[in-house]
Amino acid sequence: MKKQNVRTISLIVCTFTYLLVGAAVFDALESETEKKRWDALQVVEHIVVRRYNISEEDFKVMETVVLKSEPHKAGQQWKFTGAFYYATTVLTTIGYGHSTPTTIGGKLFTMCYAIVGIPLGLVMFQSIGERVNRLSSFVIRTVKKSLHCQHTSASELDLICVVTTLSSLTIAGGAAAFSKFEGWSYFDSVYYCFITLTTIGFGDMVALQKDNALNRKPEYVMFALIFILFGLAIVAASLNLLVLRFVTMNTEDERRDEAQAMQALQVAVRLEGDVITANGSILSGHVGHNVVPGVNTDTSSINSCNCACFSSTTAQQKKYESAYLICYTQQQA
């Protein structure tokens, strides 16, 4: 089995195993807390219903009003600033879900916009990632030359270390800013930055969603958008290196297989009934007429027969030896 097939099967098995392990860990960490929160919410709901004598239907209406009014705390979501923020989350595939179109036209345009915008965004971030890697490579070479290192070239490991450090610094700096503007804890801010820049975008924590920030804080809106675009470019540089490494491994294996196949063709000569290899061994019983280009197969000088009546004699061996010498001489020429 080819190495590429083995690697693909191994990746599938490892991915599903990783999913199973992740599900088990999340189950152990979150399921008990989820049950406690649900029980606490049920208790509070019964208390509110009894205290204010609210019917369950009216309580459901209140729930709907509270949930639907939450996005409006950020300001007008569909004016230009909010719409630009929404378009950014579509193009970058973050998809917070903090605001969604309600009209048929808006939903239709979102689908058409995403069909063109997502590939465009991926290509743009991939290109920026390549430029960042080239810049990092130049900086690494310059630093190594200034330190008079023996090897001044930038290896893949050097590039991975540099872009990983840049990604970590970007997340750490962005987390500090969001912690200040949003009032989140620093850990929650790091979590938000990581979920955003990896385009997971759960939507449980979204910036610019309170105190009418979209309308009152244009500088904060600009910072959030620049952080998303710049951070995605840096993360794309890291992913570009990792993905490129796997693609290179597959390409190297394919080229190695092709080289081995070509080498096998060059060292083997197929006659009508037998295959004579470069080491002089004869593989009988292979019927076919494929020959190596450039080898003379004139039947006047080479004769081979698979008839059962033709016994293995000394004369036959001499014929094979003569045929091999002729083919070997023509190959060398």
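Residues numbered from 1 in each chain as written. Predicted model: local features only at pLDDT ≥ 70, side-chain atom pairs only at ≥ 80, totals over all residues. Heavy atoms only, no water.

A. A look at the packing of helix α5 (residues 156-182) against helix α6 (residues 186-197). Close contact between α5 and α6 brings their axes to 8 Å; oriented N to C, the two are set at 125°. Relative to α6, the element α5 is oriented oblique. Seen along the crossing, α5 lies across α6 with a hand that is right-handed. The segment α5 lies against α6, with T170, I171, A172, G174, A175, A176, F178 and S179 engaging Y186, S189, V190, Y192, C193, F194 and L197. Looking at the contact of α5 with α6, its residues break down into 11 nonpolar, four polar and no charged. (Axes fitted to C-alpha atoms, helices over the stretch in contact; angles between N-to-C directions. Helix = DSSP H or I, 4+ residues; strand = E, 2+ residues; numbered from the N terminus. Parallel < 35°, antiparallel > 145°, perpendicular 65-115°, else oblique. Left-handed = near helix turned anticlockwise from the far one by under 90°. Contact = heavy atoms within 4.5 Å. Nonpolar A, V, L, I, M, F, W, Y, C, P; charged D, E, K, R; others polar.)

B. A look at the nonpolar core. Counting residues in hydrophobic clusters, the biggest one holds 28 residues, and the most contacted among them are Y85, F178, Y192, A207 and L208. Broken down by secondary-structure element, the contributors of at least two residues to this core are α5, α6, α7 (213-216) and α8 (218-266). With 10 residues, the top contributor of residues to this core is α8. Apart from residues no more than four positions distant in its own chain, F178 is found in contact with G183, W184, S189, Y192, C193, A207, Y220, F223, A224 and F227. Grouped together as the second largest cluster of nonpolar side chains are seven residues, V132, V163, I234 and A237 included. (Core = buried A, V, L, I, M, F, W, Y, C linked by side-chain atoms within 4.5 Å. Buried < 20%, exposed > 50% of the residue type's maximum accessible area, 1.4 Å probe, protein only.)

C. Summary view of helix α3 (residues 80-91). Helix length check: α3 (12 residues) gives 16 Å between terminal C-alpha atoms against 16 Å at 1.5 Å per residue, within 8%. For α3, the full list of buried residues reads G82, Y85, Y86, A87, T88, T89 and V90. Positive backbone phi, at 60°, marks T93, one or two positions downstream of α3. (Expected span 1.5 Å × (residues − 1).)

D. Quick look at the confidence of the model for the chain. For the chain, per-residue confidence averages 80 on the pLDDT scale, and 74% of positions sit at 70 or higher. Confidence drops under pLDDT 50 across residues 285-313; counting only partners more than four residues distant or on other chains, this segment forms 39 contacts. (pLDDT = per-residue confidence, 0-100.)

E. Region of the structure containing α6. The terminal C-alpha atoms of α6, which comprises 12 residues, lie 16 Å apart, in line with the 16 Å expected from a rise of 1.5 Å per residue. When α6 is considered as a whole, its buried residues turn out to be S189, Y192, C193, I195, T196 and L197. Directly beyond the C-terminal end of α6, a positive phi value near 60° is found at T199.

F. The arrangement of the environment of L159 in detail. If you trace the backbone, L159 turns up in helix α5. Residues L159 and A237, 78 residues apart in the sequence, show an inter-C-alpha distance of 9.4 Å. Among all residues touching L159, those that are not within four sequence positions of it are N133, S136, S137, I140 and L241.

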